[in-house]
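Chain by chain, the residues run as shown.
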Amino acid sequence: MIKLFSLKQQKNGGEAVASSSTCGQKKCSPAQLRVMKDLNELNLPKTCSTQFPDPDDLLNFKLIISPDEGFYRSGKFSFNFKVGANYPHEPPKVKCETQVYHPNIDLEGNVCLNILREDWKPVLTINSIVYGLQYLFLEPNPEDPLNKEAADVLQSNKRVFEANVMKAMRGGYVGNVYFGRCLK
């Protein structure tokens, strides 16, 4: 392995080249290296995509989820990921940029997902978070709500909950809160 690296270094004029690195001339931080690894191994379901507003900044990106089943089918929801310098020892900060009527996402975009809080472990990856977020849209959890009103409606009357979700996704009021259109 060392011989191969030495040969590659000689071949490239003596300077080490990090493949697929966006660190440029400066040395990559451990968080950047881990994010690069996570993104290279990312296995997105067909209902998800990523966007990098700044291609040179892998620590800040967007995840778009477009569920194809459940209460939120045909919706399009954008999440902002901010990966800190202590990643993977601390989870990324994830906020939903799309205002959504959901028991586990409040009106400010905070997300209630256990692996983003107390159950985070360094062995978890960006892929784990993607699947966790996708699961929230397939199976909203009224037992651990950030939006208590939505959770109460889900527990007491699923038909009313589904009607409220559709009203919100079409762009309209649910109670006294206005939701912008988020249908595909």
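Residues numbered from 1 in each chain as written. Predicted model: local features only at pLDDT ≥ 70, side-chain atom pairs only at ≥ 80, totals over all residues. Heavy atoms only, no water.

This brings us to helix α4 (residues 148-156). Taken together, the buried positions of α4 are A150, A151, V153 and L154. Buried residues along α4 cover an arc of 165° about the axis, so they all sit on one side. In α4, the exposed residues that point more than 90 degrees away from the buried face are K148 and S156. As for α4, its buried residues are in contact with α5 (158-170). (Buried < 20%, exposed > 50% of the residue type's maximum accessible area, 1.4 Å probe, protein only. Helix = DSSP H or I, 4+ residues; strand = E, 2+ residues; numbered from the N terminus. Arc of directions from axis to C-beta. Contact = heavy atoms within 4.5 Å.)

This part covers the confidence of the model for the chain. Averaged over the chain, the pLDDT score is 89; the fraction of residues at 70 or greater is 86%. Confidence over residues 1-21 falls short of pLDDT 50; this stretch has nine contacts with residues more than four positions distant or in other chains. (pLDDT = per-residue confidence, 0-100.)

Take α5 next. For α5, built from 13 residues, the straight-helix expectation of 18 Å at 1.5 Å per residue is met to within 8% by its first-to-last C-alpha distance of 18 Å. F161, N164, V165, A168 and M169 are the residues of α5 that are buried. The buried residues of α5 all sit within an arc of 130° when viewed along its axis, so they share a single face. For α5, the elements touching its buried residues are β3 (77-82), α4, β5 (172-174) and β6 (177-179). Its side-chain oxygen placed 3.1 Å from the backbone nitrogen of R159, N157 serves as the N-cap of α5. A positive backbone phi angle near 95° is found at G171, which sits one or two residues after α5. (Expected span 1.5 Å × (residues − 1). Polar contact = N/O pair within 3.5 Å; in protein donor to acceptor, adjacent residues only side chain to side chain.)

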